Each structure stands twice: as structure tokens, then as C-alpha cells.
Amino acid sequence: MPIQFTTDGSPGYRRLALWQDIVCDVFVGLDCKSDLGSAFHGSVTQAPLGKAVCSDVCSDRQHVFRTSSRIARSDQDFVLVALGNRGDGGVMQDGRETVIHPGEFALYDTTRPYELKFNDSFTQTIFKVPREMLQRRLGGTETLTAISFGSDAPLERLAYDFIFRLCQSADRLAPNNAAALSEQAVDLLAMALSERLGAASLPSSTHRSALLYRLKAHIRAHLADPDLTLAETAAALGISPRYVNDLLADEDTSFQRYVLAERLAQCRRDLASPLLAHRHISEIAFAWGFNDLSHFGRVFREHFGMSPRDFRQSQLRH
């Protein structure tokens, strides 16, 4: 990733102020403190990856705060996945505290206060994900923040390695490939988080989050089946149809509306892809579980404000 900002070359007396003004204010909306003064050094690189953003942060020791006042002045709604590369970093959020060692990762949520503490120089890769991307797969993040992942569990290690290597290549990927890979990265991240949730003895609200992830994963895996039903899905998870809708009601949706929204999202993605420009609109719709083309066209227009054909043309012109 190309360097977007570094304190190198700046006068010593300005380095910490520049770091605060440019990195902590513009990039993430934080308050940064360090006792190093003019000896402080730091750099940030950044590249988009679909809806996500990859950053590498290399810095001397500092203490970072995301305060309630910062949150009140911000519209940022992200989950940040911090992957340790060099040095250790402390994370405090939601009443928990952990230390990220090299080869581990932890999450923090920009909609709630948190603290980051680095007692020595460090390098971390930050995978910034719109919260809805993770929430759509897993539910809320309140029980997942400030917990270290990736040390022993194979799935957590796989998630770390995939996201880290993907971020190192982010600026060299074609936009459509970047978007698809970012979705795969969040899928893998959600699987790793869900495995941890399922293995631990946790409050009932956390088990509910894990069950919600399993429900969403089942739906996503069977979107292409036009016969996907509430009853079949409930039976596959060993719960009642009423409980399926109760889980989804936590996110102000229902089984039918969630399935429709996911199918439309997949069709929208495929219609925007130049790699799939040769496929007829009907092929794409039927491939994602629609069995009535006129119904597909109507609900697509209701959700996205234009017909599937007009949407495809608008995307492929860019």
C-alpha cells in the first residue's frame, strides 16, 4: 500500500501535532497522546478494498482514545479489525481489555468509546469494515470487542492470514475482485468469531448472536434454492419457525425480508460486475433463487430506484 502520511521530514516540534491533526482526526477520529514529543515517528498507508479499507499503521509508543464526544461529532459506523504485526497493543472496550500480540487480532467498534495503548513502537494492519457487513452475518459486536483471536484456533489463524495478505495486496487488485475478496474476508472473519462464540460458556445473549450467525450462514448458503423456506431453515437449525423470525426481529427484519434483501444484494453485485456482463439478467436472477422475472424487476426497482437493466448500464459505463 502506498504511504499516504508520514511524520518523517516534518520538523520535530510539529510531528505529534501533525499525527493528531492528520491521522487521528481525519482517518479515524481519535485523540492521540505520546510522551516522545519531537522524537515521535509514525506513518500510515491506506487502500480501499470494496466497502472495506485496509491500513498499515507504524508508530512509536502512544495512547489513543475514542471518546464519547468524538463519537457524537462523527458518523463513522465501522468495526475495526486490528492485526498485530510487530510489537504489542492494548485494546479496552465494553468493559474488557486485551493485548494484541503479533499474529493475533482483536475488534473494536467506532460507535462506542475505546482506548488503545502502545507502550513501545508497533506495526498493525487495520481492516476497517462497515458494521453492517459484519452485523448482517453475525449480529451485534458488543460481546466480541477487546478479545484476542488467532493464537491457537486454526480458523482464527486462517482469518488472520487471509485478511493480512489481502490487505498487503489491496492497492493492486481490480475493483470488482477487491469487492468480492472483501466479502470473503468478512465471511471468514464471521466464521472464526462464531466458532469462538460457540465454544465458550457465554451469556445467553452471546449464544443468541452465535445462533443468529448460523441462521444467516444457512440462508446465504441456500440463496440459490428457490424452494428455500422458513420451515426448512428452522428444521436445519433445530429451532422453531417462530424463533427464526424472533432472531431476525432483533435487526428489524423477518425471514422473508432477509432472504429477499440478500438475494437482491447478490444480484446487484453480479449486475455491476464487468466479468458477468455476458450473462443475461434473467440468468443472474434465477441463479440467486428468483423464479419470476417480473417480480424480480419490480422488487429490484423498489429497493434500488431503477430497473436491473438501467442499473447494469449505469455501472458498466464507469
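Residues numbered from 1 in each chain as written. Predicted model: local features only at pLDDT ≥ 70, side-chain atom pairs only at ≥ 80, totals over all residues. Heavy atoms only, no water.

Draft legend 1. Layout of helix α8 (residues 241–249). If you check which residues of α8 are buried, you get V244, L247 and L248. Axial view of α8: buried residues confined to an arc of 95 degrees, hence all on one face. (Buried < 20%, exposed > 50% of the residue type's maximum accessible area, 1.4 Å probe, protein only. Helix = DSSP H or I, 4+ residues; strand = E, 2+ residues; numbered from the N terminus. Arc of directions from axis to C-beta.)

Draft legend 2. How the structure looks around the packing of aromatic side chains. Under the criterion given, the structure shown has 11 aromatic pairs. Aromatic ring contacts, followed pair by pair, group F290, F296, F300, F304 and F311 into a single cluster. In this structure, K128 is placed above the aromatic ring of F78, and the distance from its NZ or CZ to the ring centre is 4.6 Å. Over the aromatic face of F304 sits the side chain of R268, whose NZ or CZ is 5.2 Å from the ring centroid. (Phe/Tyr/Trp six-rings, centres within 6.5 Å; stacked < 30°, edge-to-face > 60°. Lys NZ or Arg CZ within 6 Å of the ring centre and 35° of its normal.)

Draft legend 3. Representation of the domain arrangement of the chain. Split into domains, the chain comes out as domain 1 (3–197) and domain 2 (205–316). Taking the mean C-alpha position of each, domain 1 and domain 2 sit 30 Å from one another. Taken together, the 13 residues of domain 1 in the interface contact 15 residues of domain 2. Taking both sides of the interface into account, the surface hidden between domain 1 and domain 2 amounts to around 1,200 Å²; carbon and sulfur atoms contribute 51%. Across the contact surface, domain 1 and domain 2 share one salt bridge. D187 is paired through a salt bridge with R220; the nearest N and O atoms lie 3.2 Å apart. The tally of links between domain 1 and domain 2 comes to two residue pairs in polar contact (both at pLDDT 80 or more). Looking at the side of domain 1 that touches domain 2, the elements that each hand over two or more residues are α3 (131–138) and α5 (175–199). Per element, the largest residue contribution to the side of domain 1 that touches domain 2 is seven residues, and it comes from α5. (Domains from an automatic or database assignment. Contact = heavy atoms within 4.5 Å. Buried area = accessible area lost by both parts, 1.4 Å probe. Salt bridge = Lys/Arg side-chain N within 4 Å of Asp/Glu carboxyl O. Polar contact = N/O pair within 3.5 Å; in protein donor to acceptor, adjacent residues only side chain to side chain.)

Draft legend 4. Here's a closer look at α3. Of all eight residues making up α3, six are buried, and the element is well covered by its neighbours. The set of residues buried in α3 consists of R131, M133, L134, R136, R137 and L138.

Draft legend 5. Region of the structure containing the environment of R214. Position of R214 among the secondary structure elements: in helix α6 (residues 204–221). With 77 residues separating them along the chain, R214 and R137 place their C-alpha atoms 8.5 Å apart.

Draft legend 6. Up close: the sheet that holds strand β8 (residues 96–100). Within the open sheet, the five strands sit side by side as β2-β5-β10-β7-β8. Their pairing is antiparallel. Of all the strands in the sheet, just β2 (31–33) and β8 have a single pairing partner and so form its edges. Neighbouring strand axes in the sheet, compared pairwise and without regard to direction, differ in orientation by 15 degrees on average. (Pairing = 2+ DSSP bridges. Axes fitted to C-alpha atoms, helices over the stretch in contact; angles between N-to-C directions.)

Draft legend 7. How the structure looks around the nonpolar core. The biggest cluster of nonpolar side chains holds 32 residues, and the ones touching the most others in it are F105, L107, F127, L134 and L193. Top element by residues in this core is α5. It accounts for eight residues. Beyond its immediate stretch of four places on either side in the chain, L107 contacts V79, L80, V81, V91, Q93, L134, L144, T145, A146, I147, F149 and L193. Membership of the second largest hydrophobic core comes to 28 residues, among which are L212, V259, C267 and A285. (Core = buried A, V, L, I, M, F, W, Y, C linked by side-chain atoms within 4.5 Å.)

Draft legend 8. Looking closely at the pairing of strand β5 (residues 62–66). Most of β5 is tucked away: four of the five residues are buried. Alignment of β2 against β5, held across three bridges, turns out to be antiparallel. For D31, the partnering residue across the bridge sits in β5 and is F65. Alignment of β5 against strand β10 (residues 114–118), held across five bridges, turns out to be antiparallel. Following the sheet pairing, F65 is matched in β10 by E115.

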